[in-house]
Amino acid sequence: MTPKFPRRGLYLITPDSDDSDALVARVEDELPFAACLQYRNKRAHGERRESEARRLRALCEAAGVFFIVNDDVALAVRVGADGVHLGEDDGDIAAARAVLGPDVAIGASCYDDASLARTAVAAGADYVAFGALFPSSTKPAARRASPALFAEAASLGVPRVAIGGITPDNARQAVAAGADLLAVIGGVFDTPDPVAAARRIASAFDPTSPESP
Ligand SMILES: Cc1ncc(COP(=O)(O)OP(=O)(O)O)c(N)n1
Ligand SMILES: Cc1nc(C(=O)O)sc1CCOP(=O)(O)O
Ligand SMILES: [Mg+2]
């Protein structure tokens, strides 16, 4: 049975990489702290992209982590992903739903715009993402999203993902604004200790967990 998209937690996204083995090894270490993993490698194409997606799909299956493919509905189908993430240039949500059927999750980038989120949910999206919440070194030109968007989108009834510049130090701010999941690349993978960073971001959802220095 296809798992349901998680309601809360760390939504890890793979960093760009030219080395498949290194990419898979890096992700494996942080998976225990993730509710969800998105395969996003803008440097991989064709067979390498498919092979990386298959390897990560298998790791997620074993770890019980929800697996999402970025941008590419056909690749998501080929590797049996649990979901696909679509941005403004990645095709129509209703068309993706028609291909994927009811059980594969669709996530939608909504940038800084609550009306995009309403349209996406009406078209069949299972979660919405707003960003960039903080300045992002991965995507420095990303337009900035107001923290107020998360409250505005609460009535949509789907998980709200925050993305862009999230780090262990600002993760609690994003959760306090109403984000249900925190999507992170650099705040985990560009740190000296990615496992510790992933653990700290995951702990932002636990109000009883003391903030570590
Ligand atoms: C969870 C999540 N949110 C937003 C994005 C960005 O999607 P998009 O605007 O299509 O940009 P690219 O990631 O394709 O460069 C995302 N991937 N994941
Ligand atoms: C891929 C992406 N999309 C964004 C958006 O705002 O839609 S920000 C972003 C980059 C996320 O990486 P980092 O965690 O390193 O900032
Ligand atoms: Mg995209």
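Fair warning: this is a prediction, and the values are worked out from it, not measured in the lab.

What counts, and where the lines are drawn
Residues numbered from 1 in each chain as written. Chains lettered and ligands numbered in written order. Predicted model: local features only at pLDDT ≥ 70, side-chain atom pairs only at ≥ 80, totals over all residues. Heavy atoms only, no water. Near = heavy atom within 4 Å. Polar contact = N/O pair within 3.5 Å; in protein donor to acceptor, adjacent residues only side chain to side chain. Areas by Shrake-Rupley, 256 points an atom, 1.4 Å probe, with all protein chains shown as cover. Nonpolar A, V, L, I, M, F, W, Y, C, P; charged D, E, K, R; others polar. Salt bridge = Lys/Arg side-chain N within 4 Å of Asp/Glu carboxyl O. Helix = DSSP H or I, 4+ residues; strand = E, 2+ residues; numbered from the N terminus. Core = buried A, V, L, I, M, F, W, Y, C linked by side-chain atoms within 4.5 Å. Buried < 20%, exposed > 50% of the residue type's maximum accessible area, 1.4 Å probe, protein only. Contact = heavy atoms within 4.5 Å. pLDDT = per-residue confidence, 0-100. Donors = N, O, S within 2.8 Å, 3.2 Å for Na, K, Ca; no water. UniProt positions renumbered as here; feature names shortened; annotations may be inferred.

In the neighbourhood of ligand 2, 14 residues make up the surrounding shell, with Ser-136, Thr-138, Gly-165, Ile-185 and Gly-186 lying closest. Between ligand 2 and the protein, one listed contact pairs an oxygen atom with a backbone N or O atom of Gly-186 at 2.8 Å. For ligand 2, the protein covers 94% of the area, taking 420 Å² as the surface of the free molecule. Split into classes, the residues belonging to the shell around ligand 2 amount to six nonpolar, six polar and two charged.

Right, let's get into the pattern of salt bridges. Oppositely charged side chains may form a pair once their charged atoms are brought near each other. For the structure on display, the rule yields 15 salt bridges. Ionic pairing is found between Glu-52 and Arg-48, a salt bridge with its closest N-O pair at 2.8 Å. Of the two residues, Glu-52 and Arg-48 both sit in helix H2 (residues 46–63), four residues apart, roughly one turn of that helix. Residues Arg-200 and Asp-169 are paired through a salt bridge, measuring 3.0 Å at the closest nitrogen-oxygen approach. Here Arg-200, found in helix H9 (residues 194–203), pairs with Asp-169, found in the loop between strand S7 (160–163) and helix H7 (171–177); they are 31 residues apart in sequence, far enough to count as distant. Through salt bridges with shared partners, one network takes in Asp-18, Arg-43, Arg-48 and Glu-52.

Looking now at the nonpolar core. Judged by nonpolar contacts, the single largest core of 71 residues is most densely connected at Phe-5, Tyr-11, Leu-37, Phe-67, Phe-130 and Leu-182. When sequence neighbours within four positions are dropped, the list of residues in contact with Tyr-11 reads Phe-5, Cys-36, Gln-38, Ile-68, His-85, Tyr-127, Val-161, Leu-181, Leu-182, Ala-183 and Val-184.

Turning to the confidence of the model for the chain, a few remarks are in order. For the chain, mean pLDDT is 96; residues scoring 70 or higher make up 99% of the total. The element-level mean pLDDT for the chain is lowest in helix H1 (residues 20–30), coming to 96, with strand S8 (residues 181–184) highest at 99. Predicted complex metrics record ipTM = 0.99 and pTM = 0.98.

Taken together, 15 residues sit near ligand 1, with Arg-40, Lys-42, Ser-109, Tyr-111 and Lys-139 positioned nearest. Between Gln-38 and ligand 1, the recorded distance is 3.0 Å, taken from a side-chain N or O atom to a nitrogen atom. A distance of 2.9 Å separates an oxygen atom of ligand 1 from a polar side-chain atom of Asp-90. Summarising the interface, the protein chains cover 89% of the accessible area of ligand 1, which totals 420 Å² for the free molecule. In the shell around ligand 1, the residues fall into five nonpolar, five polar and five charged.

So, on to the coordination of the magnesium ion (ligand 3). Looking at the magnesium ion (ligand 3), the protein donor atoms are Asp-71 (OD) and Asp-90 (OD), and they sit 2.0 to 2.2 Å from it. Here Asp-71, found in the loop between strand S3 (66–70) and helix H3 (73–79), pairs with Asp-90, found in the loop between strand S4 (83–86) and helix H4 (93–100); they are 19 residues apart in sequence, far enough to count as distant. A relative accessible area of 25% means that Asp-90 is categorised as partly exposed.

Moving on, we come to the UniProt feature "binding site: Mg(2+)" (unreviewed entry) in the chain. Here the UniProt feature "binding site: Mg(2+)" (unreviewed entry) sits at Asp-71 and Asp-90. Judged by maximum C-alpha separation, these annotated positions cover 20 residues in sequence but sit close together in space, the widest gap being only 5.5 Å. Filtering out sequence-adjacent residues up to four positions away, Asp-71 remains in contact with Lys-42, His-85, Leu-86 and Asp-90. For Asp-90, the residues in contact, after removing those within four places along its chain, are Asp-71 and His-85. Within the structure, the side chain of Asp-90 is placed 2.6 Å from the backbone nitrogen of Gly-87, a separation counted as a polar contact.

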